[in-house]
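# Examining the three-dimensional arrangement
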Amino acid sequence: ETGVTQTPRHLVMGMTNKKSLKCEQHLGHNAMYWYKQSAKKPLELMFVYSLEERVENNSVPSRFSPECPNSSHLFLHLHTLQPEDSALYLCASSQDSLAGAGELFFGEGSRLTVL
Amino acid sequence: ILNVEQSPQSLHVQEGDSTNFTCSFPSSNFYALHWYRWETAKSPEALFVMTLNGDEKKKGRISATLNTKEGYSYLYIKGSQPEDSATYLCAFANTGTASKLTFGTGTRLQVTL
């Protein structure tokens, strides 16, 4: 069983749809992250949660809404997205939220296409 | 805005060649430098986390060095194998934003027989 699991792996949605991405980690980590990977751009941090509290919101539009009900699960709720939001969304976890101190463990990503 | 630069963007070597890539980052308020390896259709995997100037880390045929004073890190691969083909990412954190890693765009390595 992989440490960080993301579902769905692929998602196609219209601009008026509401969908959610799910991330689950089985590593006992205290911090979880959402990153966005757009074509030819570096991985971009969206949100950081530490012990279920949001500690970083990297100027992400409100059409992306994160939720962390417990330290093992992280969701990204999507609503009225734009075609330019099409990207690979990666979830990651680490022992604590001082990301520089310890490595990140990534999921395989959810490939989102907005039509 | 923190800027992390990686070079080259891509690299094509033959099996057995040794190679190296560069990661440049701001030298002030350094906290940590990470290297990740990302194979196509898989998840990025950590290679090294480096925190001290002069750090040198090794994992098998892969090693990395760190110079925080001048703001660069090198990743070396000795005797490249086809399974080393991947994108190699570096990421930087400073003391002001220790919860946030800023990634470079990566170096894409292809190793052929």
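We now turn to the structure provided with this report. Predicted, not measured: the structure shown is a model, and the values here were computed from it.

## Considerations on the overall build of chain A
In terms of regular secondary structure, chain A is built from 0 helices and 11 strands. Expected size for 115 residues packed as a compact globule is a radius of gyration near 13 Å; at 13 Å, chain A falls within 12% of this value. Counting only C-alpha atoms and orienting by the principal axes, one finds that chain A spans roughly 35 × 30 × 30 Å. Intrachain contacts of chain A at a sequence separation of at least 6 include 54% that bridge at least 24 residues. A total of about 5400 Å² of accessible surface is found on chain A, and carbon and sulfur atoms cover 48% of it.

## Quick look at the layout of surface pockets
Residues and elements named next belong to chain B. Within this model, the largest pocket holds a volume of roughly 870 Å³. Elements that contribute at least two residues to the lining of the largest pocket include exactly strand 9 (86-94) and strand 11 (107-112). Counted by class, the lining of the largest pocket contains 9 nonpolar, 12 polar and 8 charged residues.

## Some words on the sheet that holds strand 3 (residues 18-25) of chain A
Residue and element names in this part refer to chain A. Taken together, the 4 strands give an open sheet; going across it, the order is 1-3-8-7, and neighbouring strands pair in antiparallel fashion. Both edges of this open sheet fall to strand 1 (4-7) and strand 7 (64-70), since each of them pairs with a single strand only. Adjacent strand axes in the sheet meet at a mean angle of 20 degrees, parallel and antiparallel pairs treated alike. Relative to strand 8 (residues 73-79), strand 3 runs antiparallel, the two being bridged by 7 bridges. Pairing of lysine 22 across the sheet is with phenylalanine 75, part of strand 8.

## So, unusual backbone geometry
For the bond from threonine 7 of chain A to proline 8 of chain A, the omega torsion is -10 degrees, close enough to zero to count as cis. Here proline 8 of chain A shows up in the loop between strand 1 and strand 2 (10-13). The omega torsion of the bond from serine 7 of chain B to proline 8 of chain B falls at -5 degrees, within 30 degrees of zero and hence cis. Assignment of secondary structure puts proline 8 of chain B in the loop between strand 1 (5-7) and strand 2 (10-14). In this structure, asparagine 29 of chain B takes a positive phi of about 55 degrees despite not being glycine. Position of asparagine 29 of chain B relative to the elements: it lies in the loop between strand 3 (19-24) and strand 4 (30-38).

What counts as what
- Residues numbered from 1 in each chain as written.
- Chains lettered and ligands numbered in written order.
- Predicted model: local features only at pLDDT ≥ 70, side-chain atom pairs only at ≥ 80, totals over all residues.
- Heavy atoms only, no water.
- Helix = DSSP H or I, 4+ residues; strand = E, 2+ residues; numbered from the N terminus.
- Rg over C-alpha atoms; globule rule 2.2 N^0.38 Å.
- Contact = heavy atoms within 4.5 Å.
- Areas by Shrake-Rupley, 256 points an atom, 1.4 Å probe, with all protein chains shown as cover.
- 1 Å grid on protein atoms, 1.4 Å probe; cavity = no way out; pocket = protein on both sides within 12 Å on 5 of 7 lines; lining within 4 Å.
- Points joined across faces, edges and corners; volume = space filled by probe spheres on them.
- Nonpolar A, V, L, I, M, F, W, Y, C, P; charged D, E, K, R; others polar.
- Pairing = 2+ DSSP bridges.
- Axes fitted to C-alpha atoms, helices over the stretch in contact; angles between N-to-C directions.

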